[in-house]
Amino acid sequence: MADDIEISEVGGTGVPIPGDDIDTDQILPARFMKEVTFDNMADYLFYDARRDDDGEFNDHPLNRFDGASIAVVNSNFGCGSSREHAPQAMMRWGVDGVVGESFAEIFRDNCKSLGIPAITASHEEVSALQEWIEDNPDGEIEIDVEAETVTYGDTVIEGNIDDAMKEALIDGIWDTTQLMYSNLSKVEETASKLPYVEEA
Amino acid sequence: MSQGTLYDKVWEKHKVTELPNGQDQLFIGLHLVHEVTSPQAFHMLEERGHEVAFPERTFATTDHIVPTTPEGRERPLNDPEAEEMLSALEENVDENGITFFGLESGKQGITHVVAPELGLSQPGMTVACGDSHTATHGAFGSIGVGIGTSQIRDVLSTGCIAAEKQNVRRVEVNGELGEGVYAKDIILKIIQELGVDGGVGHVYEYGGSAVRDLDMEGRLAICNMSIEGGARAGYINPDETTYEYLKGREYVPEGEEFEELKQYWESIRSDEDAEYDDVVEIDADGIAPMVTWGINPGQVIEIDDPIPAPEEFEARTDREAAEKALEHMDHSPGDTMEGYDVDVAFLGTCTNGRVKDFEVAATVLEGRQVDPDVRALAVPGSESVRKECERRGIDQTFIEAGFQWRQAGCSMCLAMNDDSLEGDEVCASSSNRNFIGRQGSKDGRTVLMSPAMVAAAAVEGEVVDVRDHFDTELPSGTNRAEEVAD
Ligand code: SF4
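Residues numbered from 1 in each chain as written. Chains lettered and ligands numbered in written order. Predicted model: local features only at pLDDT ≥ 70, side-chain atom pairs only at ≥ 80, totals over all residues. Heavy atoms only, no water.

Chain B appears in an unreviewed UniProt entry as 3-isopropylmalate dehydratase large subunit from Halovenus carboxidivorans. According to the UniProt record, the Pathway (unreviewed entry) comment for chain B reads "Amino-acid biosynthesis; L-leucine biosynthesis; L-leucine from 3-methyl-2-oxobutanoate: step 2/4." What the UniProt record of chain B gives under Function (unreviewed entry) is the line "Catalyzes the isomerization between 2-isopropylmalate and 3-isopropylmalate, via the formation of 2-isopropylmaleate." (UniProt positions renumbered as here; feature names shortened; annotations may be inferred.)

An unreviewed UniProt entry lists chain A under the name 3-isopropylmalate dehydratase small subunit, with Halovenus carboxidivorans as the source organism. What UniProt records for chain A under Pathway (unreviewed entry) is the sentence "Amino-acid biosynthesis." UniProt, in the comment section headed Subunit (unreviewed entry), describes chain A in these words: "Heterodimer of LeuC and LeuD."

As a further point, take the overall build of chain B. In terms of helices and strands, chain B carries 17 helices and 19 strands. For 486 residues, the compact-globule formula gives about 23 Å, and the C-alpha radius of gyration of chain B, at 21 Å, lands near that figure. For chain B, the C-alpha atoms occupy an extent of roughly 55 × 55 × 45 Å along the three principal directions. Taken across its 486 residues, chain B has 68% of its residues classed as buried. (Helix = DSSP H or I, 4+ residues; strand = E, 2+ residues; numbered from the N terminus. Rg over C-alpha atoms; globule rule 2.2 N^0.38 Å. Buried < 20%, exposed > 50% of the residue type's maximum accessible area, 1.4 Å probe, protein only.)

Right, let's get into the packing of aromatic side chains. Residues and elements named next belong to chain B. Under the criterion given, the structure shown has 18 aromatic pairs over all chains. Residues Phe59 and Tyr251 carry aromatic rings whose centres are separated by 5.4 Å and whose planes lie at 75° to one another, so their mutual orientation is edge-to-face. With Phe59 in strand β4 (residues 58–61) and Tyr251 in the loop between α9 (240–246) and α10 (255–267), this pair connects stretches of sequence that are 192 residues apart. Looking at Tyr251, the relative accessible area reads 29%, which means it is partly exposed. Centroid distance Tyr243 to Trp265: 5.6 Å. Interplanar angle 20°. Geometry classified as stacked. Here Tyr243, found in helix α9, pairs with Trp265, found in helix α10; they are 22 residues apart in sequence, far enough to count as distant. Exposure class is identical for Tyr243 and Trp265. Each is buried. (Phe/Tyr/Trp six-rings, centres within 6.5 Å; stacked < 30°, edge-to-face > 60°.)

For the rest of this paragraph, the subject is the confidence of the model for chain B. Residues and elements named next belong to chain B. Chain-level pLDDT for chain B is 95 on average; 97% of the residues reach the 70-or-more range. In the model, residues 480–486 has pLDDT below 50 throughout and makes 19 contacts with residues more than four positions away in sequence or in other chains. Interface predicted TM-score (ipTM) for the complex: 0.91; the corresponding pTM is 0.91. (pLDDT = per-residue confidence, 0-100. Contact = heavy atoms within 4.5 Å.)

The next point concerns the pattern of salt bridges. Under the defined criterion, the tally for this structure stands at 44 salt bridges over all chains. Put simply, Arg153 of chain B and Asp154 of chain B hold a salt bridge, and the shortest N to O gap is 3.9 Å. For the pair formed by Arg153 of chain B and Asp154 of chain B, the shared burial category is buried. Between Asp419 of chain B and Arg406 of chain B there is a salt bridge; the shortest N-O distance is 3.0 Å. Here Asp419 of chain B, found in the loop between β17 (404–405) and β18 (426–429), pairs with Arg406 of chain B, found in the loop between β17 and β18; they are 13 residues apart in sequence, far enough to count as distant. Note on Asp419 of chain B: relative accessible area 7%, which makes it buried. One network of salt bridges, in which partners are shared, links Asp20 and Glu101 of chain A together with Arg316 and Glu320 of chain B. (Salt bridge = Lys/Arg side-chain N within 4 Å of Asp/Glu carboxyl O.)

This part covers the UniProt feature "domain: Aconitase A/isopropylmalate dehydratase small subunit swivel" (unreviewed entry) in chain A. Following the UniProt record, the feature "domain: Aconitase A/isopropylmalate dehydratase small subunit swivel" (unreviewed entry) maps to residues 12–120 of chain A here. Within residues 12–120 of chain A, the helical portion is 28% and the strand portion 15%, while the C-alpha atoms at the span's ends are 18 Å from each other.

Following this line, the structure appears as structure tokens:
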């Protein structure tokens, strides 16, 4: 049984991943999804963007900010496919929390399923934080889930975390399988009332 | 909040309870499984010692990684990773008593093509699949949601997902489609007007005369691309077109049982006086064939419109996206897409890989030849589609024109098998995503369009307006007698 943990704060150094509409094909190119486990996904994170034409690492932020825990992204991050491979790869690379202008919905839900807080802030606030990380690669950033804030240097950003995500994280109930598993008899009752479900 | 819409009614009927995190626990009536997103979920299930709660409501097939040539499909598959994924799926369905439409079944294909044609997708259902294009099934008046792997585990283990209700936006599309203009053009128009993230927080209910006139293939194409417009789901209220299509399909009951189900289907239609959170109107009258010029499906124009300059966009994000697109696609603002050189023509996918799509493209190809510099692939969305096309001789038109006639799968939609763009090739594609790298090459360029337009581009070797280049009578995109692929 997976034991849930309450996630009220995450923190560490940051990595800016600038750009709007970064889709899951960029985060995790489909050709690397041909594995039956998520174990190696960190190796494929932003695979194409991180390499130059000879396959050598370029100066992509993920190469420059190795060891970071907080990813700072712009708007509509994670759009495109439903692949959980994308947030899985980020998590396995080391990301514990994401700050962004906005997130695609499936991506945000996937983050919740993995216990990764995703907090939104304005374009100005996010850009300022991205610049700050460039200047302060060892600077600590903290996401407070309860207060919905991002703190770095002397700055506190009043952000926004989706209600369901916030509640799930701080109450340690983000594992939805566990939440729903005990309701099986109710599920059967709901199902049996549906005209298209044949009686078992 | 919306009231009296199909979405409200179907949600209510499938709601099990409210969860302590504020979400609703929603029963899933149809769970579709494929090889790419499920193995990790089965693994998690096993780790917890859970069993599949509703194996009889779970159906699997293989689509993303399968080769599309007969030699390529011999087992073990050439690509060891693909073989491992397929074997893992076979093992998982076997152990859990799940019906599997495998390579040998004659029914294998893209989940979103297979489930509708077998009559698995029905009105008033909730449908989930570890794939973002699950919205496709909304064409029947169901709620189809794409889910991540942890949620697949949820559905396997509990038959449910945890979800919040979204707002409902009615997208009212009125008018009549001209010759050579199709459902694909309607949905691209909708995305052009509402934006790629216009649907965030919403499900789209499509209606209006232009939608009502569409056959099921057209409706499936529209609902399929809801996700490209940012909507989590999209649906169309069921009507006689829907019921006619369902009649006689393998998983649809007959006789009295059918009539009983039909009563349910009628009951979940949105009420005449339903309240929507939002209503938008789109005029389909006189729209021209749509083509994308950029690197997301919202960067789309009518074939005779100029490619926009970045300055024309108000939002900073749109301006930056336009700059990036112009550079990647190598366009100059002010040009139209007509005459843009094409290296590859790709016809297929869960958007446009159905019998009707091939039939329409075949009328354009009849008696013509694919440009010698174009590599042209026709990949049926399912083996049933392939066999039906072959039964009608449509495959011959493709082969004689110089298309490769393949077996069913996702193929070059996302290039997880051997079908891939090379270098900076330009692909005229009937698929749904033109993201950078999507078709297997990071410099590859995708131009989304309708199947008729793909066929015309294949022949001319460049993007053309299908309406100008052929004098044959073009088939219309609207309702005609359905033929069941069997
Ligand atoms: S055809 Fe393309 S969009 Fe559809 S399920 Fe396959 S990969 Fe996804």
